[in-house]
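Below, each chain spelled out in residue letters.
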Amino acid sequence: MVNARSQAPYQLLIADDDSGFRDVLKELLAPYFRLFEAESGEEAVELVEQIHVDIVLLDMHMDVLTGLEAVRIMKQTNEILPCILITADATEELRQDASAARAYEVLAKPVKRQELVSTVSHALVDTYHDPDVPSWLGN
C-alpha cells in the first residue's frame, strides 16, 4: 500500500503539444500541485524516468508518441502512476485501448473544470489512499 502524502505537494506532469492548453491547465492546477510540463510524449516519458511524478495529464494526439503510447511506456517505469488522457475525440475504442493500457481515465476536450478536478482527486485518492485530497483540492 502507498502512503498518503498530505504534507508535501503532489507532483503533476502536464503533457500537451498545445502550449495554450498547457497554460490553461497550469493556471487551474498551480495552486494545488508542483507542476511539470512536457511538449511531447517523448519528453513526458523522459521526465517520468528522471523525476518523481505522482500523476500525469496527457493529450492524446502528439507527434511521434501519442498520449496512449506514452502511458504504455510510463506504466513500465511506474505501474501505479495514474495517467489521465485528455482528447477531443474520446471514442469508445480509445476508452477500451486506454483501459487496456491501464490509463486511469479518458476525458473529452473541452474538459470542464469540475470534471478535471474530480477526476484528478479520485485518481490521487485511489492511488495514494490520501483522504485529505478532496478537501484541499476543493472537491
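Residues numbered from 1 in each chain as written. Predicted model: local features only at pLDDT ≥ 70, side-chain atom pairs only at ≥ 80, totals over all residues. Heavy atoms only, no water.

- Labelled according to an unreviewed UniProt entry, the protein chain appears under the name Sporulation initiation phosphotransferase F, originating from Gimesia fumaroli.

### Some remarks on the confidence of the model for the protein chain
Detailed reading of the predicted model is not advised wherever pLDDT is low.
Moving on, step 1. Per-residue confidence for the protein chain gives a mean pLDDT of 92, with 94% of residues at or over 70.
Moving on, step 2. Throughout residues 1-6 the model reports pLDDT below 50, and contacts reaching past four residues in sequence, or to other chains, amount to 15 contacts. (pLDDT = per-residue confidence, 0-100. Contact = heavy atoms within 4.5 Å.)

### Some remarks on the pattern of salt bridges
Moving on, step 1. Going through the model one piece at a time under the given rule, you end up with seven salt bridges.
Moving on, step 2. Among the salt bridges present, the one from Arg-22 reaches Glu-39, with a minimum N-O distance of 3.9 Å. Taken as a pair, Arg-22 in helix H1 (residues 19-29) and Glu-39 in the loop between strand E2 (34-38) and helix H2 (41-50) lie far apart in primary sequence, 17 residues in all.
Moving on, step 3. Note that Lys-26 is salt-bridged to Glu-37, the shortest N-O span being 2.6 Å. Within this pair, whereas Lys-26 is found in helix H1, its partner Glu-37 is found in strand E2, the two being separated by eleven residues in sequence. (Salt bridge = Lys/Arg side-chain N within 4 Å of Asp/Glu carboxyl O. Helix = DSSP H or I, 4+ residues; strand = E, 2+ residues; numbered from the N terminus.)

### Things to note about the UniProt feature "modified residue: 4-aspartylphosphate" (unreviewed entry) in the protein chain
Moving on, step 1. UniProt tags Asp-59 as "modified residue: 4-aspartylphosphate" (unreviewed entry).
Moving on, step 2. Along the chain, Asp-59 falls in strand E3 (residues 55-59).
Moving on, step 3. We classify Asp-59 as buried; its relative accessible area is 6%.
Moving on, step 4. The residues contacting Asp-59, other than those within four sequence positions of it, are Ala-15, Asp-16, Asp-17, Gly-67, Ile-86 and Lys-109. (UniProt positions renumbered as here; feature names shortened; annotations may be inferred. Buried < 20%, exposed > 50% of the residue type's maximum accessible area, 1.4 Å probe, protein only.)

### A closer look at the UniProt feature "domain: Response regulatory" (unreviewed entry) in the protein chain
Moving on, step 1. Mapped onto this structure's residue numbering, the UniProt feature "domain: Response regulatory" (unreviewed entry) falls at residues 11-124.
Moving on, step 2. Across residues 11-124, the secondary structure splits into 46% helix and 21% strand, with the terminal C-alpha atoms separated by 11 Å.

### Notes on the pairing of strand E4 (residues 83-87)
Moving on, step 1. Among the five residues that make up E4, five are buried, leaving the element largely enclosed by the rest of the structure.
Moving on, step 2. Along E4, one buried face is formed by Cys-83, Leu-85 and Thr-87 and the opposite face, lined by Ile-84 and Ile-86, is buried too.
Moving on, step 3. Relative to E4, E3 runs parallel, the two sharing four bridges. Opposite Val-56, over in E4, you have Cys-83 as the bridge partner.
Moving on, step 4. Each parallel crossover has a hand, and the one from E3 via helix H3 (residues 67-77) to E4 is right-handed.
Moving on, step 5. Where E4 and strand E5 (residues 105-108) come together, four bridges link them in parallel fashion. Of the residues in E5, the one forming a bridge with Ile-86 is Leu-107.
Moving on, step 6. After leaving E4, the chain enters helix H4 (residues 92-100) and then returns to the sheet as E5, a path that is right-handed. (Pairing = 2+ DSSP bridges. Right-handed = clockwise from strand over helix to strand, strands pointing away.)

### Examining unusual backbone geometry
Moving on, step 1. Of note, the bond from Lys-109 into Pro-110 is cis; its omega dihedral lies within 30 degrees of zero at -5°.
Moving on, step 2. Topologically, Pro-110 is positioned in the loop between E5 and helix H5 (113-128).
Moving on, step 3. Backbone geometry places Val-64, a non-glycine residue, at a positive phi of 65°.
Moving on, step 4. Within the secondary structure layout, Val-64 lies in the loop between E3 and H3.

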